[in-house]
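Breakdown of the fold
Each chain, letter by letter, is given below.
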Amino acid sequence: MYGHCLRYAGNVEEAQDVLQDGFIKVFEKISSLKDANALEGWMSRIFINLALSYYRKKKSGPDWVEMEPLQEVLSEENDIPNNDLDPKLVLKQIQSLPEKYRLVLNAYAIDGLSHKEIADLLETTESNTKSILSRARKMMRDWLNEKDNKK
Amino acid sequence: MEKNRPNIDQLIQSSFDAFEPQLPIGIWNNIEDKLNQNDASKRKKVLTWSSVAAVVFIGLSGMFYSNIPDNATVDHKTGIKISNTELKSGSFENKLSQSLPIGNGNSDLDLNDVDLNNSLDNKDVKTTGKELVGENNRNITEIASINKNSVVPNLFDINQEPILTQENYENMNEANFDFLNSKKLGLINTKILQLPASSQIPQRPTKQKRSIWAFEVGYDQNQTAINYAVNTQLSKYVHKNFVNRIKEGEFALAAPQLHAALRYQFNPNWSVAIGLGFSQTRISQSFNFQDSTPVSMAQGNEADINGNYPIFGYVGLGMPVAYNGNQSISMVSIPLSVGYQRPINRSWAFSSEISMRFNKLLTTTGKTLDYHDLSLMDVPNYRSQIWSAKLSIGAEKRVSLRDIWGVRLNTQGALTPFNSVNSPVSNRGWSIGMSVFYRYSIW
């Protein structure tokens, strides 16, 4: 769960805040969990929802101005270096993304939420999350290419 | 979840598959503390709302109780109206026999003369002509019954002392009284009574208004014993012998409280009061011991509110502690009270009260033991403002129309902890004591 928090937060301190609040929520709501086998997924969802709402409520949070759609170039195998990535480096790169890019990329690309779910949680539109995701992907792709070229 | 995600997503996702970051040190302690805080906050909310609900409930009950109509019932044979209260208590005829002069009555009242403040019509006055016989052959004749809402009952005994409760005088219409007097009529509850010609006409009482404002002074004496309790969740910060040493060394001499209040009487049963009080808890102390020195560990642990770390064990003998002295805690308070009185007889009444008090601590002096290492320390800085509550029940005696004395048993306790939040020790719970008070009706 701490990994979730680190990915969504901009720094370690914020991640710890989210982790702390998340566990408190888990302990408070544990009685509502029907199936013990679903604990991990249930907890993940609590932390993801909390992380997204945490940043939505922040005064200095994302400015959900509608963005122009980016012509997404769907990735091709040869566009992306196919090597093992150091999770710490990926984490660092994700944390360096602008906040709204980071949130949407995490929620969609890693945690598998739909655009509708993300748009609802962040109180914006699906088209906007799609547009943000395209830009976030492009940034990650550029970073991977640059990293590969250096090698 | 949406399907067919681009490979960049899978690549990023897979990079975190085996990623398990190390948890920050102390995070579990933080979470535990926060959960404890949440629990304490919930308990505090429950307590606060329970107190508010209790006060509101008592207030509403009083209003409801005092507004229950005392419906009169009609005896179909005689047409006499008798209130439910009188029917239940059977007091009606006793009152007659004890209060009215001996002799046979004459029903010579012309009802056309009846003009009770223009408030009575045929509905209000009903001729009955029933002769009522009370104990000791004291006979009088009831000549009419009156709508209870038109004339409020009044009754005097043969010494012309009022024997009904004060509210009767408050609402006695002056014109009615004079009229009845001039006709040598008595009035009891819903009945106009023709008194014998030889009877003594009751005189108008000098005191006609029931006092609704009263000044009150009181004194509470509660036994507080020791002032401390250990928070079990934080007991690891407290020396194992702390409570025993405190018990051995401290004894509360007294926790007296004086208060003065202004009381407003809604009706004979319910009243509210606001006042000002002063109390001082004095504790005698005598410590003389030598105890083990605690071993605590800072690394990986959270300090408590006073910077102490959890105790993991004890080593050898520590410094000796010897002290004789007194500790005192003074405070002023503003009590807000709801009182309920229920008459038992003409003099005595059941008396109860619930109070919420806002207290401001003025001084705390003396020594006590540090809960962590049992060293001698100054009395800790308690919170400067706390809320407390008091419940009391007892009896009060009316010695005259203006003066009432009372005595009650009480229990009182602080709703706000004396010590700071999360302190491993806190003030003790509720205490039991005795209260006396004197009330003087002002107007």
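Nothing here was measured: the structure is a model prediction, and the numbers come from that model.

**Remarks on the overall build of chain A**
The helix and strand tally for chain A stands at seven helices and zero strands. Overall, chain A shows an N-to-C arrangement of helices and strands of α-α-α-α-α-α-α. Here chain A holds 151 residues, and 32% of them are scored as buried.

**Things to note about the overall build of chain B**
Along its length, chain B carries seven helices and 18 strands. Scored against the burial criterion, the 443 residues of chain B give a buried share of 26%. Sequence separation of 24 or more characterises 69% of the internal contacts of chain B that already satisfy a separation of 6 or more.

**Considering the packing of helix α5 (residues 99-110) of chain A against helix α6 (residues 115-122) of chain A**
Residue and element names in this part refer to chain A. The geometry of α5 relative to α6 is characterised by a closest axis approach of 10 Å and an angle of 140 degrees between their N-to-C directions. The element α5 and its partner α6 pack so that their crossing is right-handed. Along the contact surface, α5 presents Leu103, Val104, Ala107 and Tyr108, while α6 presents His115, Ile118 and Leu122. Taken together, the residues that form the contact of α5 with α6 break down as six nonpolar, one polar and no charged.

**Description of the pairing of strand β15 (residues 385-398) of chain B**
Residues and elements named next belong to chain B. Note: strand β12 (residues 348-365) against β15, 13 bridges, orientation antiparallel. Residue pairing in the sheet places Phe350 in a bridge with Ala395 of β15. Summarising the sheet, β15 and strand β16 (residues 403-414) pair through eleven bridges and their orientation is antiparallel. By the bridge assignment, Glu396 is partnered in β16 with Gly406. Hairpin connection of β15 to β16: four residues between the antiparallel strands.

Analysis parameters
Residues numbered from 1 in each chain as written. Chains lettered and ligands numbered in written order. Predicted model: local features only at pLDDT ≥ 70, side-chain atom pairs only at ≥ 80, totals over all residues. Helix = DSSP H or I, 4+ residues; strand = E, 2+ residues; numbered from the N terminus. Buried ≥ 20, exposed ≤ 12 C-beta atoms within 10 Å, placed from the backbone. Contact = placed C-beta atoms within 7 Å. Axes fitted to C-alpha atoms, helices over the stretch in contact; angles between N-to-C directions. Left-handed = near helix turned anticlockwise from the far one by under 90°. Nonpolar A, V, L, I, M, F, W, Y, C, P; charged D, E, K, R; others polar. Pairing = 2+ DSSP bridges.

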